[in-house]
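Examination of the molecular architecture
For reference, the chains in residue letters:
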Amino acid sequence: MHDLISEIEQFCLRNGISETRFGELAMNDKPFVSQLKSGRDLRGSTLRKLKKFMVSFEAKETLSASDVSTFPQGDLAFPHHGLLGIAHLQKHEILFILDQAQQWVELNRQSSKHSDLLSGHTVINAFFENSTRTLLSFEIAGKRLGADVVNMHAAQSSIKKGETLIDTAITLNAMRPDAIVIRHASSGATQLIADKVDCPVINAGDGQHEHPTQALLDALALRNALRKRGDKSQDFNGLRVTICGDILHSRVARSNILCLQALGAIVRVCAPPALMPSGIEALGAEPFFDFDKALQSTDVIMMLRLQNERMEGQFIPSAREYHYMYGLTESRLKEAAVDALIMHPGPMNRGVEIDSEVADMLDRSIITNQVEMGVAIRMACLDIVTRSFRKVDGWF
């Protein structure tokens, strides 16, 4: 154990990161190293994960900054057991997922949309929170890859009978699935389940924490829209993006801020004071309370709905006043760049955060493209996280 701690300390020194940052990147657990020094036990799988992370991180540092399309070989391109968030991903890992998803975009536009890639494998979609788009998207993704897909809804789970989340995870693991997709109302629930199961876990949204596949599909939709306009860049260097809406309760906002900034975008966030989280600047986003000012010269506008189901108390005076101050209308859109793109992760509340005339603009709205990219991104994620046990060359 002393040798491992010494190796981690040397790794942190070489790469200029703190031990807290190491724990966050390697294990999605900030106090991991301090706990290790206090005598925390390690499983063999955790040790292998640590070793793989350190090799991958330093391999990434050797990549040419001028050639972002170059990825490490095999599982060094994505050395994670599952996908629990954007925060611990490197830029090249995000780009790798986007590039892998592009092939599924093409497949999904063909008359025959089936692949046998996951034939004989089982994917469980365990949704402890209501969902339409995300659940349907993951189900279609799994089935198009040939997997046996099982959907488990909160109303049908034994948690309603008093079973703990950990016991549910142990039960699911005993059924030997090949991947589990989790949505839960509590932040950190996906990490808790991932620690108790052997197969890869994909986070389909956990509380107010993260929604990584939504951020990835938004990035893919945006990149494809920019390419249609002649911009062939892999990333979003210098692109100005304004995210407006219920930032406080939005896991989509958090994941998008992290993803967009990792790809070089300049991110602004706008919300009423009551719906703006304190310390949002720590994520690198610039906060605004005046929507018109936030829109000035912006290239992309992402609107978010009011998450009334997460609100306890009165956060806004009324929907009508909110629309007046923060709704995206045709007249307000003129504050943005003349060709600014319009995004929304859905579901939309037309007439509240966005007017129909804006949402349906054929030349500027990419909202339906976001839905299309969702299936492709989730196919890519299921493919990538299962490569190890499928023994794809270079993936161990």
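Notes on the structure follow. (Residues numbered from 1 in each chain as written. Predicted model: local features only at pLDDT ≥ 70, side-chain atom pairs only at ≥ 80, totals over all residues. Heavy atoms only, no water.)

A word on the overall build of the chain. Along the chain, the regular secondary structure elements total 15 helices and nine strands. The C-alpha radius of gyration computed for the chain amounts to 21 Å, which stays within 12% of the reference 21 Å derived for 396 residues, consistent with globular compactness. Taking the principal axes of the C-alpha coordinates as reference, the chain spans close to 60 × 50 × 45 Å. Looking at the 396 residues of the chain, the share that counts as buried comes to 55%. If you take every contact in the chain between residues at least 6 apart in sequence, the share linking residues at least 24 apart comes to 71%. Accessible area of the chain: about 17500 Å², with a carbon and sulfur share of 50%. (Helix = DSSP H or I, 4+ residues; strand = E, 2+ residues; numbered from the N terminus. Rg over C-alpha atoms; globule rule 2.2 N^0.38 Å. Buried < 20%, exposed > 50% of the residue type's maximum accessible area, 1.4 Å probe, protein only. Contact = heavy atoms within 4.5 Å. Areas by Shrake-Rupley, 256 points an atom, 1.4 Å probe, with all protein chains shown as cover.)

Turning our eyes to something else, we now look at the sheet that holds strand S6 (residues 266-270). Spatial ordering of the open sheet is given by S7-S6-S5-S8-S9, a layout of five strands whose pairing is parallel. In this open sheet, the two strands that pair with only one neighbour each are strand S7 (286-288) and strand S9 (341-343). The mean angle between the axes of side-by-side strands here comes to 20°, regardless of whether they run parallel or antiparallel. Note: strand S5 (residues 240-244) against S6, five bridges, orientation parallel. Its bridge partner lying in S6, Val-241 is registered against Val-267. Strands in contact with helix H9 (residues 212-228) are strand S8 (300-303) and S9; relative to S9, the strand with the most contacts, it is inclined by about 160°. Lying on the sheet, helix H10 (residues 251-262) is in contact with S5, S6 and S8; it crosses S5 at an angle near 175°. (Pairing = 2+ DSSP bridges. Axes fitted to C-alpha atoms, helices over the stretch in contact; angles between N-to-C directions.)

With that settled, consider the environment of Leu-42. Position of Leu-42 among the secondary structure elements: in the loop between helix H3 (32-37) and helix H4 (44-61). Classification of Leu-42 by relative accessible area gives partly exposed; the value is 24%. Residues Leu-42 and Gln-191 lie 149 residues apart in sequence; the distance between their C-alpha atoms is 17 Å.

Moving on: the packing of aromatic side chains. What the rule picks out here adds up to six aromatic pairs. For the pair Phe-11 and Phe-22, a centre-to-centre distance of 5.5 Å together with 70° between the ring planes defines the contact as edge-to-face. One end of the pair, Phe-11, is in helix H1 (residues 2-15); the other, Phe-22, is in helix H2 (residues 19-27), with eleven residues separating them in the sequence. Each of the two residues, Phe-11 as well as Phe-22, counts as buried. Grouping aromatic residues by their ring pairs yields a cluster made of Phe-11, Phe-22 and Phe-53. (Phe/Tyr/Trp six-rings, centres within 6.5 Å; stacked < 30°, edge-to-face > 60°.)

Our focus in this paragraph is the pairing of S8. Along S8, one buried face is formed by Val-300 and Met-302 and the opposite face, lined by Ile-301 and Met-303, is buried too. The pairing of S5 with S8 spans four bridges and is classified as parallel. Residue pairing for S8: Ile-243 is matched across the bridge by Met-302. Of the strand pairs in this sheet, S8 and S9 are connected by three bridges, and their pairing is parallel. The partner of Ile-301 across the bridge, within S9, is Ile-342.

Let us now look at the nonpolar core. Of all hydrophobic cores here, the largest spans 99 residues; its most connected members are Ile-243 and Leu-328. Here this core gets eleven residues from one element, more than from any other, and that element is helix H15 (residues 367-385). Discounting residues that sit within four places of it in the chain, Leu-328 has contacts with Phe-291, Leu-295, Ile-301, Met-303, Leu-333, Ile-342, Glu-353, Ile-354, Asp-355 and Val-358. Counting residues in hydrophobic clusters, the runner-up holds 17 residues, among them Ile-8, Phe-11, Cys-12 and Leu-36. (Core = buried A, V, L, I, M, F, W, Y, C linked by side-chain atoms within 4.5 Å.)

Further remarks concern H15. For the α-helix, the turn length of 3.6 residues means that residues three or four positions removed from each other point alike. Taking 1.5 Å as the rise per residue, H15 with 19 residues should run 27 Å; its terminal C-alpha atoms sit 27 Å apart, in good agreement. The largest bend in H15 amounts to roughly 25° and is located at Met-373. Of all 19 residues making up H15, 15 are buried, and the element is well covered by its neighbours. (Expected span 1.5 Å × (residues − 1). Bend = angle between axes of the 7 residues up to and from the residue.)

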